[in-house]
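Coordinate inspection notes
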Amino acid sequence: AAADARESSSLGSEAARCGDRAIKVVAVTGAAGYLGQLARRELEAAGLRVIGIDLPRPRCQGGPTILGESVADASRVDRACDLSAVPLPDGLFDGCDCVLHLAGDGRPSADFLQDVLPNNIVATQQVFEASRRAGVRRVIFASTNHAQHGETMAHGSPGGMDWRRLDALGGPASVRVGDPLGRAGPDSFYAVSKLCGEGLGYVYSRVMGAFEFVA
């Protein structure tokens, strides 16, 4: 829980910055889930307006010690939407300066075709495209330590982050492993979907110039 709180605080501080212009309105996908609720609390504490986006009947897979059914909170949803729908409805991100994209199937055991492809890959591309159309200035994408061979995972807790291990490796964005993919070393289809999301964000940001991108 402490690691999750630290991560949500970091996400909140990233959402509040965008070059020289202040961020005022942030859309949070997966807003009814555990991390989405933490992030919303941090963002609102920073004085930002939050628009929560999630399924009409939200669900949450929880975590190693957290039951998902006890977490999902439909009252956190301001705009209901299935993000795997193609295309997303017009106006989903209208009025938003920043999108914090947390929604997705976080189970390392999730089936690729049935779960990971629509909910993590198609949905992420659709979120990025809708952000571009709406003129969103910054998109923050929640990646995973499952993409790094577990080098930063808490011992005995695949869903947790051990910040001391990350610091010992040199801090965020510094993980290097002996792997043909360089930094990347996915351990599941879920992790592959996160690497795909990072690649999509690079294309939208660096190639298309659509928005600032943070992962």
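This structure is a prediction, so every number in the text was calculated from the model and none was measured. (Residues numbered from 1 in each chain as written. Predicted model: local features only at pLDDT ≥ 70, side-chain atom pairs only at ≥ 80, totals over all residues. Heavy atoms only, no water.)

Some details on unusual backbone geometry
In the segment running from V86 into P87, the intervening peptide bond is cis, with an omega of -10°. As for its placement among the helices and strands, P87 is situated in the loop between β3 (79–80) and β4 (98–101). (Helix = DSSP H or I, 4+ residues; strand = E, 2+ residues; numbered from the N terminus.)

Re the pairing of strand β1 (residues 25–29)
Of all five residues making up β1, five are buried, and the element is well covered by its neighbours. Here β1 shows two buried faces, one formed by V25, A27 and T29 and the other by V26 and V28. Relative to strand β2 (residues 49–54), β1 runs parallel, the two being bridged by five bridges. In the strand pairing of β2, V28 is matched with G52. In the classification by handedness, the crossover that spans β1, the intervening helix α2 (residues 34–45) and the parallel β2 is right-handed. In terms of strand pairing, β1 meets β4 through four bridges, oriented parallel. Paired with A27 across the strands is V99, a residue of β4. (Buried < 20%, exposed > 50% of the residue type's maximum accessible area, 1.4 Å probe, protein only. Pairing = 2+ DSSP bridges. Right-handed = clockwise from strand over helix to strand, strands pointing away.)

Thoughts on the pattern of salt bridges
Tallied over the entire structure, the rule returns eight salt bridges. Where R107 meets D115, a salt bridge forms, and the shortest distance between an N and an O atom there is 3.1 Å. Classification of D115 as buried rests on a relative accessible area of 18%. Residue E129 is joined to R132 by a salt bridge in which the shortest nitrogen-to-oxygen separation is 2.5 Å. A residue pair is termed a helical-turn pair when its members lie 3 or 4 positions apart in one helix, as E129 and R132 do in helix α3 (residues 112–134) at three residues. (Salt bridge = Lys/Arg side-chain N within 4 Å of Asp/Glu carboxyl O.)

Shape descriptors only; they carry no functional weight alone.
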